[in-house]
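Each chain, letter by letter, is given below.
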Amino acid sequence: MNDHERRLASVVEGVLESYRDHGNINHIDGNNLPARSEVSELLDDVLSIVFPGYFNYEPLDDLTVRYFVGARCARILRRLEQVVTRSLAVDCSHAGRPADETGEAAHEHALDLLQAIPSIRAALAADVQAALAGDPAACSDAEIIMSYPGVTAIAGHRIAHHLYCRRVPLLPRMIAEILHSRTGIDIHPGATIGRSFFIDHGTGVVIGETSIIGNRVKLYQGVTLGALSVKSREAGRRVQRHPTIEDDVTVYAGATILGGDTVIGRGSTIGGNVWLTRSVPPGTTVVLDTPSLRFFALNGDKNGIEKHALEKNGDKPGTS
Ligand SMILES: CC(=O)OC[C@H](N)C(=O)O
């Protein structure tokens, strides 16, 4: 062995020793993990049948769409089976269970997701409509579907949430993080989100695992629906850690709403940069009085509070 080879051998020994010392970040049990790139491609395949014609080069018409959907469904089924099998195997290995029945379970999960596409599409049709109705800058469905990060995020979320609710491990979170890196919007797949949901702009939005969001809710960039304190995994899993946002609420840019007991009552408006850790009743407008950093929360006096904020700040509450 020359000096170069000796040094290389010693480097390898050092790395192997670190594997023995820090086993929690090794995956050396012989099972393949789902690759991030294949999950990303799988997500694109699903999106291509959810929004047909928008994300594929071949033009579709009444005749070709049937063959397109057939071919894509077959490919999604095969790819999903593979990644779900591997995801289930990771869970089995953590729990010390044999992974012998994962293939059959994966087949069921894959079929189940494909069967859910029509209902996922129904929800997304309402989300796209909410974007068109809620943003004067939006010109068409095509513009929204092809360019709005909020719509990409909610589309992927509705797919990931379906898998999460059926207890598919790992994969829903991988989908969520792929969407996070594509859009800047971080929605945990566990979050429950109602109909006609719209995130405008979107960068920096964080929606935690146990958040519950009602119908016709609109969020702007930088909104956090977060946990009030970090709990241990065991304690945290049993309780709601993130807020409930009731129907018809708008939350403006940069607002932070925290805690599992925090309920934003229906029809409320939460202004830009507000920090909120307690509930507000229906119809409340909460704005940050910037000069003195005090909150104004008035129930049912939307005009009064907005006027006050205008007088104080010389600007509109919230930003868009
Ligand atoms: C969004 C958020 O506050 O997350 C905090 C932590 N990851 C939890 O889920 O409790």
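These notes cover the structure that comes with them. A quick note: this is a predicted structure, and the numbers were derived from the prediction, not measured.

1. Section: the nonpolar core
- Core analysis: the biggest nonpolar cluster contains 68 residues, and Phe51, Leu80, Leu171, Phe197, Ile207, Leu219 and Ile270 have the highest contact counts within it.
- When near neighbours in sequence (up to four residues on either side) are disregarded, Leu219 contacts Phe197, Phe198, Ile199, Asp200, Val205, Ile207 and Val251.

2. Quick look at the packing of aromatic side chains
- One pass over the full model with this rule turns up 3 aromatic pairs.
- Arranged with centres 6.2 Å apart and planes meeting at 80°, the rings of Phe51 and Phe55 form a pair that is edge-to-face.
- Classification of Phe51 as buried rests on a relative accessible area of 8%.

3. Quick notes on the pairing of strand β14 (residues 284–289)
- The buried count for β14 comes to 6 of 6 residues, which makes it a mostly enclosed element.
- Judged by which residues are buried, β14 turns out to be covered on both faces: Thr284, Val286 and Leu288 on one side and Thr285, Val287 and Asp289 on the other are all buried.
- Here strand β12 (residues 269–270) runs beside β14; their pairing, made up of 2 bridges, is parallel. Bridged to Thr269 within β14 is Thr285.

4. Describing the packing of helix α2 (residues 36–50) against helix α8 (residues 171–183)
- At a minimum axis distance of 10 Å, the contact between α2 and α8 shows a crossing angle of 80°. Between α2 and α8, the angle is such that the two are roughly perpendicular. Along the contact surface, α2 presents Arg36, Val39, Ser40, Leu43, Asp44 and Leu47, while α8 presents Leu171, Met174, Ile175, Glu177, Ile178, Leu179, Ser181 and Arg182.

5. Quick look at the site of the ligand
- As a matter of local geometry, the ligand sits amid Val206, Gly208, Leu225, Gly226, Ala227, Arg241 and His242.
- One nitrogen or oxygen atom from the main chain of Ala227 is found 2.7 Å from an oxygen atom belonging to the ligand.
- Measuring from an oxygen atom of the ligand, one finds a side-chain N or O atom of His242 at 3.3 Å.
- For the ligand, the protein covers 61% of the area, taking 300 Å² as the surface of the free molecule.

6. Concerning the sheet that holds strand β4 (residues 206–207)
- Here we have 5 strands laid out as an open sheet, ordered β1-β4-β7-β10-β13, and parallel in their pairing. Unpaired on one side and paired on the other, β1 (186–187) and β13 (275–276) mark the two borders of the sheet.
- Of the strand pairs in this sheet, β4 and strand β7 (residues 224–226) are connected by 2 bridges, and their pairing is parallel. From the neighbouring strand, Val206 faces β7, where its bridge partner is Thr224.

7. Some remarks on the sheet that holds strand β8 (residues 244–245)
- Strand order in the open sheet made by the 4 strands is β2-β5-β8-β11, with parallel pairing throughout. Each edge of the open sheet is held by one strand with a lone partner, namely β2 (192–193) and β11 (263–264).

8. Here's the deal with helix α3 (residues 64–95)
- With 32 residues, α3 should cover 46 Å at 1.5 Å per step; its first-to-last C-alpha distance of 46 Å lies within 8% of that length.
- Every buried residue of α3 is accounted for by Phe68, Arg72, Ile76, Leu80, Val83, Val84, Ser87, Leu88, Ala89, Val90 and Cys92.
- Check the buried side of α3 and you find it contacts α2, α4 (102–115) and α8.
- At the C-terminal side of α3, Gly96 shows a positive phi close to 70°.

9. So, the pattern of salt bridges
- On inspection of all chains with the given rule, the structure shows 13 salt bridges.
- Note that Arg241 and Glu209 form a salt bridge whose closest N and O atoms lie 2.9 Å from each other. Taken as a pair, Arg241 in the loop between α9 (233–237) and β8 and Glu209 in the loop between β4 and β5 (212–213) lie far apart in primary sequence, 32 residues in all. This pair shows no difference in class: Arg241 is buried, exactly as Glu209 is.
- The residue Asp248 makes a salt bridge to Arg216 at a minimum N-O spacing of 2.7 Å. With Asp248 in the loop between β8 and β9 (250–251) and Arg216 in the loop between β5 and β6 (218–219), the pair connects residues that are 32 residues apart, well separated along the chain.
- On the basis of relative accessible area, Asp248 is assigned to the partly exposed category, the value being 31%.
- By sharing partners, the salt bridges in this structure join Glu41, Asp45, Arg72, Arg75 and Arg79 into a single network.

10. Overview of the environment of Ser48
- With respect to the element layout, Ser48 can be found in helix α2.
- Given the relative accessible area of 1%, Ser48 is considered buried.
- Placed 21 residues apart in sequence, Ser48 and Val69 show a C-alpha to C-alpha distance of 8.9 Å.
- Look past the residues within four positions of Ser48 in its chain and what remains in contact with it is Gly53, Phe68 and Arg72.

Thresholds applied
Residues numbered from 1 in each chain as written. Predicted model: local features only at pLDDT ≥ 70, side-chain atom pairs only at ≥ 80, totals over all residues. Heavy atoms only, no water. Core = buried A, V, L, I, M, F, W, Y, C linked by side-chain atoms within 4.5 Å. Buried < 20%, exposed > 50% of the residue type's maximum accessible area, 1.4 Å probe, protein only. Contact = heavy atoms within 4.5 Å. Phe/Tyr/Trp six-rings, centres within 6.5 Å; stacked < 30°, edge-to-face > 60°. Helix = DSSP H or I, 4+ residues; strand = E, 2+ residues; numbered from the N terminus. Pairing = 2+ DSSP bridges. Axes fitted to C-alpha atoms, helices over the stretch in contact; angles between N-to-C directions. Parallel < 35°, antiparallel > 145°, perpendicular 65-115°, else oblique. Near = heavy atom within 4 Å. Polar contact = N/O pair within 3.5 Å; in protein donor to acceptor, adjacent residues only side chain to side chain. Areas by Shrake-Rupley, 256 points an atom, 1.4 Å probe, with all protein chains shown as cover. Expected span 1.5 Å × (residues − 1). Salt bridge = Lys/Arg side-chain N within 4 Å of Asp/Glu carboxyl O.

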